[in-house]
Amino acid sequence: MEKYWKRSACPYDCPDACGLLVETDGNRIYRVKGDDDHPVTKGFICRKMIHYADTVHNEKRILYPMVRTGKKGSGIFKRVTWDEALEIIGDKWKDLIKTYGAESILQYSYAGVEHLIANQCGEVFFDCLGASRLERTICSKAKTEGFLQMYGQTPGIFIDEIKNSDYIVLWGSNIEATWIHGTKEIAQARKNGSRVVLIETYRSPATKYADDVILLKPGSDGAFALAVAHVLAKEGLLDQAFLKEYAIGYDAYVDSLNAYTPQWAEAITGVPAAEIIDFAKAYGSHKAPLIIMGSGMSRHTNGAMNVRCIISLPALVGAFKHPGGGYWGHIGCSKAFDVEDVFEKYRTTYPSTKPRVFNMNQLGDALAFKENPVRSLYVYNSNPVCIAPDQHKIMEGLSREDLFTVVHERFMTDTARYADVILPADTSVEHGDLVSPYGALCVQYTTPVIQPIGECKSNWDTFCLLAQMMNLDDPLWQMSNDQVQREILSIQNLWRDGWSEEEQQRFMDGKACVLPLPSSLDFQTSQHKILLYNEDIEYPMPVYIPSHSSKIVNDNNEWLALVVAPAVHTLNSTFNEQDFLVNRRGKMSLKINPDDANKRGISQGDLIDVYNDLAHAYFYAQVFDGVPEGTVVAEGVYTCEQSLNGLTVNALLSQRLTDAGAAATLCDNAVKIKKL
Ligand SMILES: Nc1nc2c(c(=O)[nH]1)N[C@H]1C(S)=C(S)[C@@H](COP(=O)(O)OP(=O)(O)OC[C@H]3O[C@@H](n4cnc5c(=O)[nH]c(N)nc54)[C@H](O)[C@@H]3O)O[C@H]1N2
Ligand SMILES: Nc1nc2c(c(=O)[nH]1)N[C@H]1C(S)=C(S)[C@@H](COP(=O)(O)OP(=O)(O)OC[C@H]3O[C@@H](n4cnc5c(=O)[nH]c(N)nc54)[C@H](O)[C@@H]3O)O[C@H]1N2
Ligand code: SF4
Ligand SMILES: [Mo]
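The paragraphs below set out a description of the structure included in this document. (Residues numbered from 1 in each chain as written. Chains lettered and ligands numbered in written order. Predicted model: local features only at pLDDT ≥ 70, side-chain atom pairs only at ≥ 80, totals over all residues. Heavy atoms only, no water.)

### Overview of the sheet that holds strand 13 (residues 326-328)
Phase 1 of the analysis: Read from one edge of the open sheet, five strands run 10-9-8-12-13, paired in parallel fashion. The sheet is open, and its two edges are formed by strand 10 (212-215) and strand 13, each paired on a single side. In this sheet, neighbouring strand axes are inclined to one another by 20° on average, regardless of whether the strands run parallel or antiparallel.
Phase 2 of the analysis: In this structure, strand 8 (residues 167-171) lies alongside strand 9 (residues 195-200), joined through five bridges in parallel fashion. Paired with isoleucine 168 across the strands is valine 196, a residue of strand 9.
Phase 3 of the analysis: The strands that helix 7 (residues 180-191) touches are strand 8, strand 9 and strand 12 (289-293); relative to strand 8, the one it contacts most, it runs at about 145°. (Pairing = 2+ DSSP bridges. Helix = DSSP H or I, 4+ residues; strand = E, 2+ residues; numbered from the N terminus. Axes fitted to C-alpha atoms, helices over the stretch in contact; angles between N-to-C directions. Contact = heavy atoms within 4.5 Å.)

Set out below in structure tokens:
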């Protein structure tokens, strides 16, 4: 059959949601490349997605429904029909609802696919049922909260502006892995004379984009930023006129900075006072300094506060006045599509009482909860055994004989192995959706490239079938995916209404379109000003709060602060099906400073036991002088099968939550290490 190229978009949890051109004959996909006509992608995609055909047509894909015949966790299943699978689920759920109420059912989901309908439709389905709700906050909700408390929805700069920035700070972001389009723009800014500083816990792969690297103790960014603010004030580098016009509470905040001397911060951060002063002077003396905010510093018990301390800096120096100045890293364009309004319009079923809520970072506890226990778990768009904290406790919960687990998946993940019923999920080229990335205000509309493979079904189609089985007669569940897309697009929306007719047409043709950006000085808070003082919250001004692990590590040098970081070749637990990428990523290892390794008699490549009160997980030691003493780093999400003792780094992460946003504290744990 004849091959042709069709537009699509990357479905994964990555800031740019790249525009793709997919070569297809209508049945299979072949080559995949970046869309030249996408304002952010500009024809350039990562090495992971170039081989997307190996994911879509991978021989390990789950192609039909299955029921478990072996022990939970064994991965032994037999094939059944969709009708049989749906009947098993329907009978079980109806029985549970009758006997224990719908709250005995819990869904678990996150961002396996980021596209809007596929990502959101389960929420409304389980709400119709009255099931327990899930607080979906594993990723960067603490970072978002920090921003909301000071800047509201102010989206920061568009990627194209980076080239105008004269001083760039990469703060807790490994752009080599997580923001490749930023790397091109940063290279351009550097050519134009901009200096780039990386503020990290270790020399991450992003080091190659930086002129200077500042390494601090994990979770101490708040102290560092407050000391920088102190120096800015002391050196007369504050933009008083800007603060007067655009910030609320700057007098009180500037007064509070007195206490935060560089010497005070040196003791907390491990960064020499002179280095803090140099950084502050450089930051404050440039016109358009830009902070590119990752999420690393927010994944701590003091995460939201760390973020607030950092983002007060562009306000203090008036960075927003100049193109390229300010921040990047707080963008949400899902508001361009009123998905929830469509769900509301066409649903008729509501729960009789407000269902209870479980936090997704505490799944282990949720499955051990004694009062009206969770008796059925439905997992889609997520792989909790691999990605959530306290892995061992989750496995214990999933092993419960009285728990009925359904997993809707593309591959036999560590989570799917515990399922009673597995439903086969399709991939992003097998259905259409709406694309609203978190890295740029640039949205897209996609349609199917090929028909679903085997008996795979999209999240939407699966929930429609489950609704039928559960006798939900809302008109919503009679709609096709295509109808839902069209309904969403038919609603008038302030953002999309700003497009010209030509842009509207372009969007409907499947090409990505940039949403109209508000002026950089129109701060999206209720008073249209930056809230350096926010009277609505517990700490109205940024202050220093120590992180959890710092308290343990500082008291006893047997303990090391454990940081988890993204891997370049995989994305959370996805791409583990591509052998080429898994090989490039390498063995499950832990980066450790040479002195810390020596003290424990550990040499390069040794097998080590990494442990705390939660679990023991084995790693290969990667002795690396790019990690400061007292810190260890585990890059990437490995599968239990790839691990050395059946557990991965997530077994060492606690279920503790962040100070705001109820997010995971993935980077705020302490471990001990011994050679095996
Ligand atoms: N290749 C690849 N791409 C990805 C992902 C992936 O796993 N692989 N994950 C995707 C997802 S889900 C997300 S949310 C984004 C994440 O992307 P970003 O939000 O940009 O964040 P990361 O690159 O994860 O940043 C984490 C970095 O923060 C550092 N860090 C940890 N704690 C601290 C701290 O206390 N202070 C400072 N200064 N730094 C700290 C870590 O060492 C790590 O390098 O990327 C997405 N893209
Ligand atoms: N150690 C460690 N842990 C981490 C992180 C880390 O960097 N290190 N990162 C954290 C972060 S930032 C995040 S956001 C979370 C991510 O947590 P998740 O969102 O759970 O992570 P993914 O690995 O992206 O998993 C998604 C699963 O969804 C499946 N999937 C993909 N498309 C579809 C679909 O259309 N339908 C259905 N039903 N399933 C689909 C995929 O096959 C995959 O198994 O992990 C967190 N955990
Ligand atoms: S994983 Fe990220 S960089 Fe790669 S194609 Fe997808 S959106 Fe683009
Ligand atoms: Mo994430």
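Moving on from the model shown.
### Description of the sheet that holds strand 17 (residues 421-424)
Phase 1 of the analysis: Spatially, the six strands line up as an open sheet ordered 5-4-17-16-15-6, and their pairing is mixed. Each having just a single partner strand, strand 5 (77-79) and strand 6 (105-109) make up the two edges of the open sheet. Between one strand axis and the next, the sheet turns through 20° on average, direction left out of account.
Phase 2 of the analysis: As judged from the two bridges shared by strand 4 (residues 66-68) and strand 17, these two strands associate in the antiparallel manner. Bridged to valine 67 within strand 17 is valine 421.
Phase 3 of the analysis: Strand contacts of helix 3 (residues 82-100): strand 4, strand 6, strand 15 (376-380), strand 16 (404-409) and strand 17, with the helix running at about 130° to strand 17, the strand carrying the most contacts.

### Some points on a nonpolar patch on the surface
Phase 1 of the analysis: A grouping of Leu607, Leu644 and Leu676 is seen on the molecular surface, where their side chains present a nonpolar patch of about 230 Å² in accessible area.
Phase 2 of the analysis: With respect to the helices and strands, the residue leucine 644 is situated in the loop between strand 26 (631-635) and strand 27 (669-675). (Patch = residues over 30% accessible without salt bridge, like charges linked within 9 Å, V, L, I, M, F, W, Y side chains within 5 Å. Areas by Shrake-Rupley, 256 points an atom, 1.4 Å probe, with all protein chains shown as cover. Salt bridge = Lys/Arg side-chain N within 4 Å of Asp/Glu carboxyl O.)

### Quick notes on the packing of aromatic side chains
Phase 1 of the analysis: Counting across every chain of the model gives 39 aromatic pairs.
Phase 2 of the analysis: Look at tyrosine 246 and phenylalanine 523: their rings are 6.0 Å apart centre to centre, the planes differ by 70°, and that puts the pair in the edge-to-face class. Linking tyrosine 246 in helix 9 (residues 240-246) with phenylalanine 523 in the loop between strand 20 (513-514) and strand 21 (530-531), this pair joins segments that are 277 residues apart in sequence.
Phase 3 of the analysis: Taken together, the ring pairs connect Trp93, Phe125, Phe126, Phe343, Tyr378, Tyr380, Trp460, Phe463 and Trp477 into an aromatic cluster. (Phe/Tyr/Trp six-rings, centres within 6.5 Å; stacked < 30°, edge-to-face > 60°.)

### Points about helix 11 (residues 262-269)
Phase 1 of the analysis: Taken as a whole, helix 11 has its buried residues at Pro262, Ala265, Ile268 and Thr269. End-on view of helix 11: buried residues confined to an arc of 120°, all on one side of the axis. In helix 11, the exposed positions that point more than 90 degrees away from the buried face belong to Gln263 and Ala267.
Phase 2 of the analysis: Against helix 8 (221-234) and helix 12 (273-285) lie the buried residues of helix 11.
Phase 3 of the analysis: Two residues or fewer after helix 11 comes glycine 270, characterised by a positive phi angle close to 80°. (Buried < 20%, exposed > 50% of the residue type's maximum accessible area, 1.4 Å probe, protein only. Arc of directions from axis to C-beta.)

### A few points about the site of ligand 3
Phase 1 of the analysis: Close to ligand 3 lie Cys10, Cys14, Ala17, Cys18, Ile45, Cys46, Lys48, Met49, Ile180 and Leu571.
Phase 2 of the analysis: Grouping the constituent residues of the shell around ligand 3 by class yields nine nonpolar, no polar and one charged. (Near = heavy atom within 4 Å. Nonpolar A, V, L, I, M, F, W, Y, C, P; charged D, E, K, R; others polar.)

### Quick look at the site of ligand 1
Phase 1 of the analysis: Every one of the 34 residues lining ligand 1 counts as a neighbour, but Glu200, Gly219, Asp221, Ser295 and Thr570 are closest to it.
Phase 2 of the analysis: One of the side-chain nitrogen or oxygen atoms of lysine 48 is found 3.5 Å away from a nitrogen atom of ligand 1.
Phase 3 of the analysis: Here ligand 1, which alone exposes 900 Å², has 96% of that area covered by the protein.
Phase 4 of the analysis: Per-class residue counts for the shell around ligand 1 are 17 nonpolar, 12 polar and five charged. (Polar contact = N/O pair within 3.5 Å; in protein donor to acceptor, adjacent residues only side chain to side chain.)

### Notes on the nonpolar core
Phase 1 of the analysis: Trp93, Phe125, Ile162, Phe337, Trp460 and Trp477 are the most contacted members of the largest nonpolar core, which totals 76 residues.
Phase 2 of the analysis: Considering each element in turn, this core owes the most residues, eight residues, to helix 4 (residues 116-129).
Phase 3 of the analysis: Discounting chain neighbours no more than four positions away, the residues touching isoleucine 162 are Ile157, Ile168, Trp179, Glu185, Ile186, Ala189, Leu290 and Ile292.
Phase 4 of the analysis: Membership of the second largest hydrophobic core comes to 63 residues, among which are Ile62, Phe358, Ala388 and Ala664. (Core = buried A, V, L, I, M, F, W, Y, C linked by side-chain atoms within 4.5 Å.)

So yeah, pure geometry; function would need other evidence.
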